[in-house]
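Architecture and fold: a report
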Amino acid sequence: MNIPQIQIQTTKGILGLQIDKPIQEIEQPKASMQQEQPAAILEMSTTRPQLSLDTTEARADIDLKGPLRRGDENAQYGRQSAMEGIARRAQEGQQMMQIENGGNAIVDIIRQQTTPAPAPLGIRFVGDRTKIQMSFQKGSLDINVTPQKPILDVQINKPIHHYTPGKVSGVMEQYPSIQIDIKW
């Protein structure tokens, strides 16, 4: 007697995955920038120094005198010479009055007028520097600088972004199957 047999043969199902990777592209354009630097404002103001020299007395020492001073000195010299002349004449008159006392007054008077006194010899330095009067007022220099801020114009460019998402899909690589056989 034959016993019937059941033969079962199975095939597994195989699931495969199909993967499409995601793609991401990023590009960053450079920022555009314009820059300008205005020049600083510079202001300068000066006060001139002043030097004053009064050389009137030093110039007078070397006989460089103004007309008014020269006129005053000539008038004074004339007055002094007139007074000396009057004094000399008075002295000569006194000497002449004493002629009766027995003297050679006329000879003495002639000798005094014809024989001048000897001129002094020697070196004479002219122009005394200590007679120059100086005054000095110092000057000043003021500098003001006003810096100017730079002018910046910056435009930031957004990044360029492209994204393609990935995909995962299931694919049956092998379908499952069952085969049943009965043998008698």
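Above this text you will find the structure in question.
Attention in this report is confined to the structure presented alongside it. (Residues numbered from 1 in each chain as written. Predicted model: local features only at pLDDT ≥ 70, side-chain atom pairs only at ≥ 80, totals over all residues. Heavy atoms only, no water.)

From N to C terminus, the protein chain includes three helices and 12 strands. Rg of the C-alpha trace for the protein chain: 66 Å, well past the compact-globule value of 16 Å for 184 residues, more than 25% over. Taken over the C-alpha atoms alone, the protein chain extends approximately 220 × 30 × 15 Å along its principal axes. By residue count, 4% of the 184 residues in the protein chain fall in the buried class. A fraction of 92% describes how many contacts in the protein chain between residues 6 or more apart in sequence connect residues 24 or more apart. Of the roughly 17200 Å² of accessible surface on the protein chain, 55% is carried by carbon and sulfur atoms. Once the 20 positive and 20 negative side-chain charges of the protein chain are each reduced to a mean point, those two points are 3 Å apart. (Helix = DSSP H or I, 4+ residues; strand = E, 2+ residues; numbered from the N terminus. Rg over C-alpha atoms; globule rule 2.2 N^0.38 Å. Buried < 20%, exposed > 50% of the residue type's maximum accessible area, 1.4 Å probe, protein only. Contact = heavy atoms within 4.5 Å. Areas by Shrake-Rupley, 256 points an atom, 1.4 Å probe, with all protein chains shown as cover. Lys, Arg positive; Asp, Glu negative; His and termini not counted. Charge placed at Lys NZ, Arg CZ, Asp CG, Glu CD.)

Here we take up the side chain of Glu92. If you trace the backbone, Glu92 turns up in helix α2 (residues 67-97). Glu92 has contacts with Ile109 and Gln113, leaving out every residue within four places of it along the chain.

So, on to the pattern of salt bridges. In the structure shown here, the tally under the stated rule is five salt bridges. Arg69 is paired through a salt bridge with Glu57; the nearest N and O atoms lie 3.2 Å apart. Of this pair, Arg69 sits in helix α2 while Glu57 is found in helix α1 (residues 56-61), placing the two residues 12 residues apart along the sequence. Taking the relative accessible area as the measure of exposure, Glu57 reaches 36% and is therefore partly exposed. For the salt bridge of Arg88 with Glu92, the shortest nitrogen-to-oxygen distance reads 3.6 Å. Within this pair, Arg88 and its partner Glu92 are both found in helix α2, separated by four residues, close to a single helical turn. Judged by relative accessible area, which is 38%, Arg88 ranks as partly exposed. Given the relative accessible area of 15%, Glu92 is considered buried. (Salt bridge = Lys/Arg side-chain N within 4 Å of Asp/Glu carboxyl O.)

Our focus in this paragraph is the environment of Lys131. Residue position: Lys131 is located in the loop between α3 (105-114) and β7 (133-137). For Lys131, a relative accessible area of 33% translates into the label partly exposed. In this structure the C-alpha to C-alpha distance between Lys131 and Tyr163, which are 32 residues apart in sequence, comes to 99 Å. Among residues more than four places away in sequence, those in contact with Lys131 are Asp54, Glu57, Ala58 and Asp61.

Taken N-terminus to C-terminus, the directions of α2 and α3 make an angle of 155°; their axes are 9 Å apart at the nearest point. The angle between α2 and α3 falls in the class roughly antiparallel. The chirality of how α2 crosses α3 is right-handed. On α3, the residues that touch Arg88, Glu92, Gln95 and Met96 of α2 are Ala105, Ile106, Ile109, Gln112 and Gln113. Its residues assigned to classes, the contact of α2 with α3 comprises four nonpolar, three polar and two charged. (Axes fitted to C-alpha atoms, helices over the stretch in contact; angles between N-to-C directions. Parallel < 35°, antiparallel > 145°, perpendicular 65-115°, else oblique. Left-handed = near helix turned anticlockwise from the far one by under 90°. Nonpolar A, V, L, I, M, F, W, Y, C, P; charged D, E, K, R; others polar.)

By the element assignment, Thr130 lies in the loop between α3 and β7. Look at Thr130 and you get exposed, because its relative accessible area is 66%. Counting along the chain gives 75 residues from Thr130 to Thr55, while the straight-line C-alpha distance between them is 10.0 Å.

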